[in-house]
Amino acid sequence: MPELPEVETLRRDLLAHLPGEQVVSAEVLRAASVGYPKPPTVFCEQMIGQVFTDQITRRGKYLLLHLAAGASLGVHLRMSGRLLWRSADLPLETHLRVRMIMASGYELRFEDMRVFGQLWLIPARTPPEQIMTGLKRLGPEPFDEAFSPKYLAEQFRGRSQPIKTALLDQHLVAGIGNIYADESLFISRIHPLTPVRKLSLDALVRLHGAVVEVLAEGIVQRGTTLRNYTDAQGVNGNYAGTAWAYGRKGLPCRVCGAPMERIRLAGRSAHFCSICQSLE
Ligand SMILES: [Zn+2]
């Protein structure tokens, strides 16, 4: 599942291909994959003639691809969405949902096996959050000053939810998913079930530093989960191979050697070391 580093990697890759490209035709293969405008015929009509610019911005796990006439194309990959940059004569992907063919003979394809992802064409002079309502609920970006140990302390006061669950809440901080939450908690030596109100300021300082560190490192490693997102070179994210905790159930802890554990928590998994990560 794409998290902040995967979406940021995609943003940077799209910058190498999209600026200056003009849409000559568009096709929606699954209506629900377009959130706005509806029906898909209107989306396709309005995409034709649009020119992509070099303004591609990210907020949490959302991307905004700004268009020359002032509109923008919003993208949320959710569970399994992928944006692919392909020569238009290549065979179509099995789970292809939307395609936008450019004057250059290349196309931007939106593939999505699990079909939770969406695209939105946001008209000019319209705040994106009016159309992509998920943006309204996003907390600060993890690399912003607003995200700090003090901010975490304020958010956690009097609350008893487990820290792992809190980190996945996009209202607390934007962009963290299961992988980077497990990694951050391992590095900061915090047990995933620790109630947030019990975290000391010292623990919050460690956690804040770990979140920033693992996300930055994830970007350097080009993310964990995306494959072939903008070209046909088979580029794979590298992070999972170097993970401290995520996906390592039963394997020896990289710090103390004890077997790593995995529990279910609010419908998700949590990987951790019960020796290195203490319940405060
Ligand atoms: Zn350990």
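Quantities reported herein were computed from a predicted structural model and do not represent experimental measurements.

Here is what the cut-offs are and how they apply
Residue positions within a chain follow its written sequence, with the count starting from 1. Owing to the predicted nature of the model, reporting of local features is limited to residues with pLDDT of at least 70; listing and counting of side-chain atom pairs is limited to 80 or more, with chain, interface and lining totals taken over all residues. Between N-to-C directions, angles span 0 to 180 degrees; the directions come from axes that are lines fitted to C-alpha atoms, helices contributing only their stretch in contact. Here a helix means four or more residues in a row that DSSP labels H or I, a strand means two or more in a row labelled E, and each is numbered from the N terminus. Just so you know how the angles are binned, under 35 degrees is roughly parallel, over 145 roughly antiparallel, 65 to 115 roughly perpendicular, and the rest oblique. Handedness of a helix crossing follows the sense of rotation of the near helix relative to the far helix, less than a right angle counterclockwise being left-handed and clockwise being right-handed. Note that contacts rest on C-beta atoms placed from the backbone: two residues are in contact if these are within 7 Å. Here the term charged refers only to Asp, Glu, Lys and Arg, the term nonpolar to Ala, Val, Leu, Ile, Met, Phe, Trp, Tyr, Cys and Pro, and the term polar to all other amino acids, Gly among them. For this analysis, nonpolar core means a set of buried Ala, Val, Leu, Ile, Met, Phe, Trp, Tyr and Cys residues linked through C-beta atoms within 7 Å. Counts of 20 or more other C-beta atoms within 10 Å of a residue's own C-beta define buried residues, counts of 12 or fewer define exposed ones, and intermediate counts define partly exposed ones; C-beta atoms are placed from the backbone. Where each domain begins and ends follows an automated or database-derived domain assignment. For two strands to pair, DSSP has to find at least two bridges joining them. Expected span of a helix, by definition, is 1.5 Å for each gap between consecutive residues, and there is one gap fewer than residues. Within this analysis, the arc is defined by the directions that extend from the helix axis to the C-beta atoms.

A word on the packing of helix α6 (residues 178-187) against helix α7 (residues 201-220)
Thinking step 1. One way to put it is that α6 packs onto α7 with a least axis distance of 8 Å and a crossing angle of 130°. As far as their axial angle goes, α7 and α6 are oblique. Here α6 runs over α7; the crossing is right-handed. Residues Y180, E183, S184 and I187 of α6 lie in contact with α7, whose contacting residues are L207, A210, V211, E213, V214, L215 and G218.
Thinking step 2. For the contact of α6 with α7, a count of residues per class yields seven nonpolar, two polar and two charged.

A look at the nonpolar core
Thinking step 1. Of all hydrophobic cores here, the largest spans 65 residues; its most connected members are L63, L65 and V75.
Thinking step 2. Two domains each donate at least three residues to this core, and these are domain 1 (4-136) and domain 2 (149-272).
Thinking step 3. Look past the residues within four positions of L63 in its chain and what remains in contact with it is V7, L10, R11, I56, R58 and V75.

Things to note about the packing of helix α1 (residues 4-15) against α7
Thinking step 1. Look at α1 against α7: their axes get within 8 Å of each other, and the N-to-C directions meet at 40°. The handedness of the crossing between α1 and α7 comes out as right-handed. Listed contacts from α7 to L4, P5, E8 and T9 of α1 are L215, G218 and I219.
Thinking step 2. Among the residues forming the contact of α1 with α7, the class breakdown is four nonpolar, two polar and one charged.

A word on the pairing of strand β10 (residues 261-265)
Thinking step 1. Judged from the five bridges that link them, β10 and strand β11 (residues 268-272) form a sheet pairing that is antiparallel. From the neighbouring strand, I263 faces β11, where its bridge partner is A270.
Thinking step 2. The loop that links β10 with its antiparallel partner β11 comprises two residues; one of these, A266, has a positive phi angle of about 50°.

Observations concerning the sheet that holds strand β9 (residues 118-122)
Thinking step 1. Taken together, the five strands give an open sheet; going across it, the order is β2-β9-β5-β4-β3, and neighbouring strands pair in mixed fashion. Each having just a single partner strand, β2 (34-36) and β3 (52-59) make up the two edges of the open sheet. Averaged over all pairs of adjacent strands, the angle between their axes in this sheet comes to 20°, without regard to strand direction.
Thinking step 2. The sheet contact formed by strand β5 (residues 72-76) and β9 spans five bridges and is antiparallel. Bridge pairing in β9 places V75 opposite L119.
Thinking step 3. Each of β3 and β4 (62-67) touches α1; the most contacted strand, β3, lies at about 175° to it.

Let's talk about α7
Thinking step 1. The end-to-end C-alpha separation of α7 is 29 Å, in line with the 28 Å expected for 20 residues at 1.5 Å each.
Thinking step 2. Those residues of α7 that fall on the buried side of the exposure criterion are L204, L207, H208, A210, V211, V214, L215 and G218. Seen from one end, α7 has its buried residues packed into an arc of 165°, which puts them on one side. Exposed residues pointing more than 90 degrees away from the buried face of α7 are listed as L201, D202 and V220.
Thinking step 3. Following α7 by one or two positions, R222 adopts a phi angle in the positive range, close to 65°.

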